Structures are given as C-alpha cells and as structure tokens.
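Chain and residue survey
Residue strings, one per chain:
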Amino acid sequence: MAQLWGGRFTKQTAQEVYAFNASIRFDQRMAMQDIRGSIAHVKMLGKVGILTAEEAKQIEDGLKGICEDLKNGTLSISEEYEDIHSFVEAVLTQRIGEAGKKLHTGRSRNDQVALDMKLYIRDASTQVDLLLRALLNTLLELCGRHLDTVMPGFTHLQKAQPVTLAHHLGAYTEMFLRDRSRLLDMRKRMNLSPLGAGALAGTTYPLDREYSAALLGFDGATRNSMDSVSDRDYLIEFLSDLSMIMMHLSRFCEEIILWNSNEYRFIELDDAYSTGSSIMPQKKNPDIAELVRGKTGRVYGSLMQLLTTMKGLPLAYNKDMQEDKECAFDAIDTVCDCLKLFEGMLATTQFNQKQMEDSAKKGFTNATDAADYLVRAGVPFRDAHGIVGRLVLTCIERGIALDDLSLEDYRKECDAFGPDIYEAISMKTCVEKRITKGAPGPEAAKEMLRAQRCEMEKLDKMQGFV
Ligand code: ARG
C-alpha cells in the first residue's frame, strides 16, 4: 500500500478496501497525460511565484525524466500505489527530494484526474479521427473506381431501383464524414481546462489558470470549479460519437455479410480477412464483419454504463466517477480495432461487378423506368404503374427480366411502347437518367465525390493534419 494520505487515520486501510479503491491497474494508461498536466501546473506555480524558479525547474526536469524513463522502459509503474497520480508524485519525490512534495500545491486529485481524462480523450479523439480518415480515403478511392458499376438499390431488403456501387458506398462516406465532424464538435465544447478548480472550490493561491490552460492547448479555463471537477459530459458525448461510429460500421458489416453470402455473391472477401470452419471444409466465413457488428453492443454498453453512473451524482466529485475509465478505455480500444480491421477488409474485398449488374436486371429494378417511359408517351402515371405491374407478373411467370420481353409482349399491354423501350430500361440508362443532386447519375455522382473530398480537406485542416 502506498498512498498520498493517512495523517488523520489511526488504522491501516484494510487490504481488500485498498484493492477495491485503487485505480492504478487501469489509470496507468493516463501516465503521459498526468505528467503533461503536472508540468503545466508546475510551470504556472513558478510563473506566479508560488514556487521559486529553481524549484519549478527541478520539478519539471524530474517529471520529464520520469516521462523518458517510462517511455524507454527503465521505469515501470508499480501497482503498489493507489493511482497514477500518487505513483508519479512518489517517484518524483524519491528522485528530487523535498521539492517534489511541492508539486501538489494548489491542486487536488479531483481537478488533476478531470484534467488527465480530458487530455486523454482529446488525444484519443485524434487517434479515432485518423482511423476514420483512413477508412474514408479507402471509400473515396473505391467510389472513384465504381462510378459505373451498376447494382440493385434496396428498400425493405427488396430490390428497388438500380444504383451504382459508388452511390451505395458514397452513403457510408457521408456517415463517416459526419462522424468526423461530430468528434471535432465535441472537441470544441470540451476544450477548457479544469486545472486549478482544486477539490471543488478553487484555491486560495493566486493561480493563473488561463496560463496553464494555454500551455496544455486548451482554449481557456473552465468557468465553474464545481462543474470542472464533476463534468463528464464530454466523455458521454465522446462515447456517443463512438457508438454512432460503431452503428455505422455495424450496418456496413451487415451488408458485407449479406453480399458475401452464397445467395448474393456480390463480393469476395480476401482470404486474409476470412476464416474457415473446423467441420465444414467449404466454408469461408465473414467473421471480421460479424465481430465488428457484435462489438457494437459493447461500445453502446460503455455509453449506457457512464450515463447510468452519472445520473444520481450530487455535486461535486464522487468516487463513482472513477468508473468512467475502464468503460471509456475499452470503448476506445474496441473502436480503434474495428476501424482498422474494417478498413483492411474493405480495401481487399473483390466486387463481382457482373453479378451485381445481373442482380439489378433480374430484380426488376428498372420497372419504375418502364413506367416513366409510358408517362413520357402521355400515359398517366397511375395507369403506367398498373401496365408495368402486369408485365412484371408475366416476367415472373416466365422467369425472365423486363429486358427479355418481346416488343409484341409490351404492345399487348399498351401500344404506347415502341422499340426504344429496351434502351430506355437498360441499366445504363436507368442510372444515367438519375440526374438530381444526390442521385447516382454520372454528373451528380461526380459532384458528390468532389464535395466529399472537399469536406475531407476541410476536416483535415480543422484537425491540423495538413
Ligand atoms: N482515481 C480517482 C478517479 O479516478 C482520482 C481522484 C481521486 N480523488 C479523490 N478524492 N479520491 O476519480
């Protein structure tokens, strides 16, 4: 047991109590953020004269040394300590002596942990965004290559109208672009430093909170000390953003699983991203897509856990809030793994273009276009709908597509049909005629891609990636 307190106690903490209370097992992940925060704190203490310049320098150098040694492995974190904050402070004091004991002047572990977590989440959001960006680049590249790969678009999982693969994938591009902008949005709101809020009521020292905030890349210091130490809204927002990313990945996975099935055969997953069966030799299973879909529940679970943990907490800090970490770390790891694996799987997937186009033809996805053809010849839409519906029924009986009916068959239903009907309902025409903004037609699709690339550049600039 190694703890920062004990003066007012006459008895040792029971071993199980100590173990139950300690957080170092998981909060050691925030070691770098903890040291970064302490360096800013100590620089500020030096600046305002609470510590002498020498003391501040000595502590800063000591902290930098700890950081180095943790990175190069000459120092390892001892789980003897209650939490990462205690560990860093204890090692500092062992190394530099008396000055080390002054680090915690004008600070509480409550504002310290609030700061560490904010720094950690800020870093994690950048990491997640980089992975989203890589996935989006793969998507944009695929879309550029598949502007004329025709496939059926679905509603109710029933073939509806022809679209292109670029159009279908482009819908996911939109989702992941929104995910990127959501992360930035959360970042903007959370980017205020809680350091200097103390335990809950600020301090009697003349701290320069704006100075330490600026050193840590915050836009300023938080406005209310009680809120500063008890706010986990940003973390809930972040977990909600992560949940949304998982929801998008999961929907995409569901389609990949369907497309990879023997019935669809729209895609062929790369061997490196598939698995086999221990009993059925013919199997090639989409386990990665299924796992990503499955892990979605786990990330939603983290969001629900934290919402529930926070709901009954009176102001200000309560130990319940220590429970924010494991679920957040697990969600971050899960999302990062899923984004990485999913990107690799997508980038190596083969798309069976012929199968996709044949499926669009056989699914009567051009029936609306056949009706529109009649409308152009002066037939009211409602009548046209009925005429084409009867033609579809004939096709189903004969097991053929609308494209395979003879002109005679067409004219038996309606003499407004002419020989140009075949051209009018070809998959190529069906797609090309869809010219409205956001539609799969070539011009509209190119415009969508252009705008999406533009949005990527904007987001990259806001993140400081370029
Ligand atoms: N391990 C604690 C947490 O994660 C650090 C803050 C401790 N503060 C306290 N008053 N015990 O929340």
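What comes next is a walk through the structure.

Parameters and conventions
- Residues numbered from 1 in each chain as written.
- Predicted model: local features only at pLDDT ≥ 70, side-chain atom pairs only at ≥ 80, totals over all residues.
- Heavy atoms only, no water.
- Helix = DSSP H or I, 4+ residues; strand = E, 2+ residues; numbered from the N terminus.
- Expected span 1.5 Å × (residues − 1).
- Buried < 20%, exposed > 50% of the residue type's maximum accessible area, 1.4 Å probe, protein only.
- Pairing = 2+ DSSP bridges.
- Lys, Arg positive; Asp, Glu negative; His and termini not counted.
- Salt bridge = Lys/Arg side-chain N within 4 Å of Asp/Glu carboxyl O.
- Contact = heavy atoms within 4.5 Å.
- Axes fitted to C-alpha atoms, helices over the stretch in contact; angles between N-to-C directions.
- Parallel < 35°, antiparallel > 145°, perpendicular 65-115°, else oblique.
- Left-handed = near helix turned anticlockwise from the far one by under 90°.
- Nonpolar A, V, L, I, M, F, W, Y, C, P; charged D, E, K, R; others polar.
- Near = heavy atom within 4 Å.
- Polar contact = N/O pair within 3.5 Å; in protein donor to acceptor, adjacent residues only side chain to side chain.
- Areas by Shrake-Rupley, 256 points an atom, 1.4 Å probe, with all protein chains shown as cover.

Thoughts on helix 10 (residues 233-259)
The end-to-end C-alpha distance of helix 10 is 39 Å, a good match for the 39 Å that 27 residues give at a rise of 1.5 Å each. Burial analysis of helix 10 places 19 of its 27 residues in the buried class, the great majority of the element.

Quick look at the pairing of strand 1 (residues 150-155)
Alignment of strand 1 against strand 2 (residues 158-164), held across 6 bridges, turns out to be antiparallel. When the sheet's bridge partners are listed, glycine 153 is paired in strand 2 with glutamine 161.

A look at the side chain of aspartate 27
By secondary structure assignment, the location of aspartate 27 is in helix 2 (residues 24-27). No salt bridge is formed by the buried aspartate 27; its nearest oppositely charged neighbour, lysine 325, is found at 5.8 Å. If sequence neighbours within four positions are ignored, aspartate 27 has contacts with Asp83, Ile84, His85 and Lys325.

Observations regarding the packing of helix 6 (residues 109-145) against helix 19 (residues 442-463)
Direction vectors running N to C along helix 6 and helix 19 enclose 160°, while the axes themselves pass 11 Å from each other. With respect to helix 19, the element helix 6 is oriented roughly antiparallel. For the element pair helix 6 and helix 19, the recorded crossing hand is left-handed. For the pair helix 6 and helix 19, the contacting residues are Ser125, Thr126, Asp129, Arg133, Leu136, Asn137, Leu140, Cys143 and Gly144 in the first and Leu449, Gln452, Arg453, Met456, Asp460 and Gln463 in the second. For the contact of helix 6 with helix 19, the per-class residue count stands at 5 nonpolar, 6 polar and 4 charged.

A look at the site of the ligand
Ser23, Asp83, His85, Arg109, Asn110, Val113, Tyr317, Gln322 and Lys325 make up every residue found near the ligand. Measuring from a nitrogen atom of the ligand, one finds a side-chain N or O atom of glutamine 322 at 2.7 Å. Contacts to the ligand include lysine 325, whose side-chain N or O atom sits 2.6 Å from an oxygen atom. Starting from 340 Å² of accessible surface for the ligand in isolation, the protein chains cover 86%. It is helix 6 that contributes the most residues to the shell around the ligand, 3 residues altogether. Grouping the constituent residues of the shell around the ligand by class yields 2 nonpolar, 4 polar and 3 charged.

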